[in-house]
Amino acid sequence: MSSSPVSAPTVVTDPRYRAARKLISTGRAADGAIEMLATLVEEAVQKYGEDSADAAAVYYEYGNALFRAAERRRMEEEDIMGKEDEQKPDDAKVAAAMAAEKRAATSEAKKAPGKQDTAEKVDEDRKPAA
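Cut-offs and rules
Residues numbered from 1 in each chain as written. Predicted model: local features only at pLDDT ≥ 70, side-chain atom pairs only at ≥ 80, totals over all residues. Heavy atoms only, no water. Helix = DSSP H or I, 4+ residues; strand = E, 2+ residues; numbered from the N terminus. Buried < 20%, exposed > 50% of the residue type's maximum accessible area, 1.4 Å probe, protein only. Contact = heavy atoms within 4.5 Å. Areas by Shrake-Rupley, 256 points an atom, 1.4 Å probe, with all protein chains shown as cover. Core = buried A, V, L, I, M, F, W, Y, C linked by side-chain atoms within 4.5 Å. Salt bridge = Lys/Arg side-chain N within 4 Å of Asp/Glu carboxyl O. Arc of directions from axis to C-beta. Polar contact = N/O pair within 3.5 Å; in protein donor to acceptor, adjacent residues only side chain to side chain.

1. Points about the overall build of the protein chain
Here's step 1: In terms of helices and strands, the protein chain carries 4 helices and 0 strands.
Here's step 2: The linear arrangement of helices and strands in the protein chain, starting from the amino end, is α-α-α-α.
Here's step 3: For the protein chain, with 130 residues in total, the buried portion stands at 22%.
Here's step 4: For the protein chain, contacts bridging at least 24 residues in sequence account for 47% of all contacts bridging at least 6.
Here's step 5: For the protein chain, the accessible area works out to roughly 10000 Å², and carbon and sulfur atoms hold 55% of it.

2. Digging into the nonpolar core
Here's step 1: Of all hydrophobic cores here, the largest spans 16 residues; its most connected members are Tyr 17, Ile 24, Leu 37, Leu 40, Val 58 and Ala 65.
Here's step 2: Listed by contribution, the elements that provide at least two residues to this core are α1 (15-25), α2 (29-48) and α3 (53-111).
Here's step 3: When residues in this core are grouped by element, the largest group, 6 residues, is from α2.

3. Some thoughts on the pattern of salt bridges
Here's step 1: With the rule as written, the count across this model stands at 7 salt bridges.
Here's step 2: For Arg 28, the salt bridge identified is with Asp 31, shortest N-O distance 3.5 Å.
Here's step 3: Under the relative-accessibility criterion, Arg 28 is labelled partly exposed at 39%.
Here's step 4: Connected through shared salt-bridge partners, Asp 14, Arg 16 and Glu 43 make up one network.

4. Section: α1
Here's step 1: Of all the residues in α1, the buried ones are Tyr 17, Ala 20, Leu 23 and Ile 24. Within α1, the buried residues cover an arc of 125 degrees as seen down the axis, which keeps them to one side. Of the exposed residues in α1, those oriented more than 90 degrees away from the buried face are Pro 15, Arg 18, Lys 22 and Ser 25.
Here's step 2: In the stretch just after α1, Gly 27 is the one whose phi turns positive, near 80 degrees.

5. Comments concerning the side chain of Ser 52
Here's step 1: By the secondary structure assignment, Ser 52 is in the loop between α2 and α3.
Here's step 2: Residue Ser 52 is classed as buried on the basis of its relative accessible area, which comes to 15%.
Here's step 3: Within polar-contact distance, the side chain of Ser 52 engages the backbone nitrogen of Ala 55 at 3.1 Å.

6. So, the environment of Tyr 60
Here's step 1: Examined against the element boundaries, Tyr 60 turns out to sit in helix α3.
Here's step 2: A sequence separation of 23 residues divides Tyr 60 from Leu 37, and the C-alpha atoms of the two residues are 9.6 Å apart.

7. What about the side chain of Glu 61?
Here's step 1: With respect to the secondary-structure elements, Glu 61 resides in helix α3.
Here's step 2: A relative accessible area of 7% means that Glu 61 is categorised as buried.
Here's step 3: When neighbours within four sequence positions are excluded, Glu 61 is seen to be in contact with Tyr 17, Arg 21, Ile 24 and Leu 37.

And the structure:
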């Protein structure tokens, strides 16, 4: 039983393939790797056929580049959303300050003679409607 040695697909020796893999490995898949690999997929399919090992290697790296670019975009969006979330505590602080001012005004109105009506009205506003 003789078996021939399995060689690497010829497309993996293409400089564009190597450059695209380097871009992917450095986290810059969107910086040209996707375009290079898309071109290589088309060329490999035309030259070797859709089901060839050469096409499979390029298909894999092309999918990898698309995945990495999408993942990077998602992470960037999360960072942006995270920054918006950081602004929410300021809104909460403003709301808390306004509530504290209202409580202070209510307690002052209760202490001042003749302003009982105002304090009672504020307390009634806080009660839930039946």
